[in-house]
Every structure is written in C-alpha cells, then in structure tokens.
Amino acid sequence: MSIAQTTVNGITITFEDKGPRNAPAILLVMGLGGQLTLWPDEFVDALNAHGFRTIRYDNRDVGLSTRFDAAGVPNLKWMFVKAALGLPVRPAYTLSDMAADGMALLDHLGIARAHIVGASMGGMIAQHVAANWPDRVLSLTSVMSTTGNRRLPRARKEAMQVLANRPMSGDPEDMIAYSINAARVIGSPGYPAAEERLHRRVRSDFERGWYPQGVARQMAAIVADGDRRPMLKRITAPTLVIHGEDDPLVPVAAGRDTAANIAGARLMTIPGMGHDLPLALVDTLADAIAEHAKGVAVAA
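Notes on the structure in this doc start here. In this text the structure is predicted, and so the values were computed from the model without any measurement.

What counts, and at which threshold
Throughout, residues of each chain are indexed from 1 in the direction in which the sequence is written. Totals for whole chains, interfaces and linings use every residue, but because this is a predicted model, local features are given only for residues with pLDDT of at least 70 and side-chain atom pairs only at 80 or more, for both listing and counting. Here the side-chain values reflect all heavy atoms present in the structure, with hydrogen atoms and water set aside. Secondary structure elements follow DSSP: runs of H or I of four or more residues count as helices, runs of E of two or more count as strands, with numbering from the N terminus. Only heavy atoms matter for contacts: two residues are in contact if any of them lie within 4.5 Å across the pair. Here the expected length of a helix is defined as 1.5 Å per residue gap, with one fewer gap than residues. Summary of the burial criterion: residues with accessible area below 20% of their type's maximum are buried, those above 50% are exposed, and those between are partly exposed, where the area comes from a 1.4 Å probe applied to protein chains only. Strands are labelled as partners when DSSP assigns at least two bridges between them. To get an axis, a line is fitted to the C-alpha atoms, and for a helix only the part in contact is used. The angle between two axes follows their N-to-C directions and goes from 0 to 180 degrees.

## Quick notes on the side chain of Arg60
In step 1: In this structure, Arg60 sits in the loop between strand S4 (53-57) and helix H2 (76-84).
In step 2: Not counting the four nearest positions on each side in its chain, Arg60 is found in contact with Ile11, Ile13, Ser65, Thr66, Phe68, Tyr93, Asp97, Met98, Asp101 and Gln218.

## A few points about helix H8 (residues 212-225)
In step 1: In a regular helix each residue adds 1.5 Å, so 14 residues correspond to 20 Å; H8 covers 20 Å between its end C-alpha atoms and thus fits that length.
In step 2: For H8, the full list of buried residues reads Gly214, Val215, Ala216, Arg217, Gln218, Ala220, Ala221, Ile222, Val223 and Asp225.
In step 3: Elements in contact with the buried residues of H8: H2, helix H3 (95-108) and helix H4 (121-132).

## Re the sheet that holds strand S3 (residues 25-29)
In step 1: Spatially, 8 strands are ordered S1-S2-S4-S3-S5-S6-S7-S8 in an open sheet, and the strand pairing comes out mixed. Here the strands that pair on one side only, and so sit at the sheet edges, are strand S1 (4-8) and strand S8 (266-270). Strand-to-strand, the axes of this sheet are offset by a mean angle of 25°, without reference to chain direction.
In step 2: Sheet topology places strand S6 (residues 137-143) next to strand S7 (residues 239-244); 4 bridges connect them, and they run parallel. Residue pairing for S7: Ser142 is matched across the bridge by Val241.

## Quick word on the environment of Ala104
In step 1: Inspection of the secondary structure assignment puts Ala104 in helix H3.
In step 2: Looking at Ala104, the relative accessible area reads 13%, which means it is buried.
In step 3: Placed 98 residues apart in sequence, Ala104 and Thr6 show a C-alpha to C-alpha distance of 10.0 Å.
In step 4: What Ala104 contacts, discounting residues up to four positions off in sequence, is Val8 and Asn9.

So this is what it looks like as structure tokens:
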C-alpha cells in the first residue's frame, strides 16, 4: 500500500491514491473510527479494474491523520441527553468540517470533480459534500448510512451493547479481542468473515493507528449534525443508496429514508449484509458503484 500525507485545512491527512491519474476519480470516505484500511484492498482493486482512480484516506482524528487531543474527550451520554432535549451540542468539529477535508484533499490532488462514496458516518460526510459542493460531485453513493431522522428504528440491542461496553483497561489484547467481537456482532450474518482474516485485519489496524478518543469526538460530530433530511433535498448528484437488509447497527429503514429524501435516488438492498463490507460482497458492491458511476458518465 502506497501511503502519502498532505496538509489541508490546517491538518495532516493520510491517504492512498491508486489507479491511472487520468481516470475518473472515486473518493472513498470511511465511517466512525474507521481507518482507510477498512475499505478492503480487494474492493479498491475491483474499482481500479473497472477503470477508476481511487482515493481512500484517514478522516481527521483517526488512524494516521491529525489527532485532536487538545479538544478532550466528550461526555457522550450528556451529549445524547442534550440532543434529545433539543439543546445545542458543541463538538470539537463538525461533519461539514470533515467534508471540507475531503474536498481539500481533492484540491491537493488536482481533481476538480469526483464520484463520492461514503460508508456509515462516511455516508453522512458524503451527503454533506454532495449538498454543499454540488459542482464537485459527479455522483454520490451512500452505503449503510442514514439521514439523522430520529423517528427511524434504533440499532438492535446487541449492537448497542457491544459499542457501549468498550474495555477501559487499555490492554492491547483486551482491545483487540473486543474489536473482533464487535466486528462479528455488527457484521454480515449472511457473509461472516473468515476468522483468520478478521483477526489479522483487527490486529493490523490496532497496530497501525488505534485511537478511541477520536471515535468519541467523531460520534459527537454525528450527534451534533442532527436531521439531514432538509439538506438532502438540495442534492442534485445522481445518487445510489446501498444498504444491508440485515444491518444490526443502522437498520435498513435508514437506507430507505436516505433514498426517499434525495431526488431520483436509486436504492439497492442486499440480503444477508450487515454493517460491514464483507469480502464475499466486494465484487457486488464494486460492480454496482462502477455501473452507477459509468452511467453518470454516459448520461453526461
């Protein structure tokens, strides 16, 4: 993996730029606490094979990008209470700030327009990009994400429990064991990860850039963002919404709500898919995204 760093928006962003420089670009935006490595290499390779240039990166406050230590760790329980009461929540940074990071990265790479693909929180960030930088977006693909509509079904109990019970010991082996279990709980029941691959990926990510404090600040940004449905009405980019029908963390109703609030959006639901990008679905996902992006190119 060829990794580079650049300074944009006053912070350091770590990224990988892969594929022909003259090919149409796809910006891959990962979700809560997820490093760029959560986009499987096989998925990136499949998009490259379809003729695209791919840019995947560590969001601010995760992996090898700038960490916001000086901001402190937010009290998430209190933030959830304030949000439920309609009181203002003041995060260290916003999802719009994170969207601006992605746009600044494209500026650094000399890319005027790109296809934007976001997963989970990355889908929320991608929604901000499409709504606020419409002239930069060739197409939008929102994967296993949501609108922020508070009336949508909540995560399943087991998914909420595993996220709420993060070990506090700081022991590396405890953290790795927790992460493996969490991946199993929120993962795809129809496409369970091979144990050896899952263990190897979790340990590698832990050693590369485990940083739970950043996860809390990113969650605060999500809470502060609220209901995006009014913003989604402004999106004009051709949009594909992909969602697992068996997602225990962000139920499929959230994908349906996303598609319903973006004019002309197409919805693709996948039986057996949970809240991950399983190896068995890499080609299905890459094919769908490539077809969507190429369809936009033909229409243009």
